[in-house]
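Descriptive structure summary
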Amino acid sequence: MSQAELTTAAAGRAAPGPLWALSLFRSEVGTVFRRWRTIALLGVLAAVPVLVGIAVKMETDDGGAAGHGGGGPAFISQVTNNGLFLVFTSLAATLPFFLPMAVGVVAGDSVAGEASSGTLRYLLVAPAGRTRLLLAKFTATLAFCCAATLTVAASALAVGAILFPLGDVTLISGVTVSFGEGLLRALAVAGAVALSLVGIAALGLFVSTLTNSGIAAMATTVGLLITAQIVDQFPQLHAVQPYLFPHYWLSFADLLRAPVYWDQLLDNVGLQALYAAVFGSAAWARFTSRDVTA
């Protein structure tokens, strides 16, 4: 079918209603989570807390102290006293690379993967239009952000409950709260971590609109992630670091204080919203003006 025939077919369709648009979102989310690559990524993320929990258990059974010498992720020294801290430890361990890398793979493949497989132009025949299709793909990527974060948290909670005792939680500020409140704070931490991935999701979506190669888009997104992480480590570049999307990622630790320190948490929300607005708009401008022939 030629491009002209595709355009004529699209013009002949009725404008999509709200139910049709909702089905588009559901379809995109289902497509993402049915892919074997997505399942494999979630499996790897679920395995990280298992490995961390087993390593801590083996170290403490040998008479050592978890996190001895200051190594390891934050909160690791408290894991042996309360398995709930394995949730915080696992999120701190996966957030710098594993979680954003998984999101970068999904986001980078969202548009470019369809183009490389030759299905993108057939999706555009549907009456949704390019804007709704792009929104659906971004929504599916955000759904993966939430699913990936909850996978790590749920796996860590299960492993922590099996290997270590559970009970009241002593926060960073020294205040002890009930296990129930600790669970609520763990859920809030997971939400903050998922929100921290919005910037890399928007950046990956934009990169995905620039090429017809899914592999190239995924590699570029992960490369930008690594570059931003490296730049964020140099004190000489402190002037630009507050504008890097990973800069406030570990601010979720402030949710484990009483009272909660909101300054960096809100800075992180604002920064992720800025990346979503800038690169989301850039992705829209590119995608709506793109000549899709693949």
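See the structure above.
Basis of the calculations
Residues numbered from 1 in each chain as written. Predicted model: local features only at pLDDT ≥ 70, side-chain atom pairs only at ≥ 80, totals over all residues. Heavy atoms only, no water. Helix = DSSP H or I, 4+ residues; strand = E, 2+ residues; numbered from the N terminus. Contact = heavy atoms within 4.5 Å. Areas by Shrake-Rupley, 256 points an atom, 1.4 Å probe, with all protein chains shown as cover. Disulfide = S-S within 2.5 Å. Buried < 20%, exposed > 50% of the residue type's maximum accessible area, 1.4 Å probe, protein only. Axes fitted to C-alpha atoms, helices over the stretch in contact; angles between N-to-C directions. Parallel < 35°, antiparallel > 145°, perpendicular 65-115°, else oblique.

Let's shift gears to the overall build of the protein. When you go through the protein residue by residue, the secondary structure sums to eleven helices and two strands. Put simply, the protein runs from its N terminus to its C terminus through helices and strands in the order α-α-α-α-α-α-α-β-β-α-α-α-α. Nonlocal contacts in the protein, meaning residues at least 24 apart in sequence, comprise 75% of its contacts between residues at least 6 apart. Total accessible area computed for the protein in this model is approximately 13500 Å², and 67% of it derives from carbon and sulfur atoms.

With the rule as written, the count across this model stands at zero disulfides. We note that Cys145 lacks a disulfide partner, and the nearest cysteine sulfur, in Cys146, lies 6.7 Å from it. Under the relative-accessibility criterion, Cys145 is labelled buried at 1%. Overall, Cys146 belongs to the partly exposed group, its relative accessible area being 41%.

The subject of this paragraph is the packing of helix α4 (residues 85–94) against helix α8 (residues 179–196). Between α4 and α8, the shortest axis-to-axis distance is 10 Å and the interhelical angle comes to 10 degrees. Between α4 and α8, the angle falls in the class roughly parallel. Two secondary-structure elements touch here, α4 through Val87, Phe88 and Leu91 and α8 through Gly182, Ala186, Val189, Ala190 and Val193.

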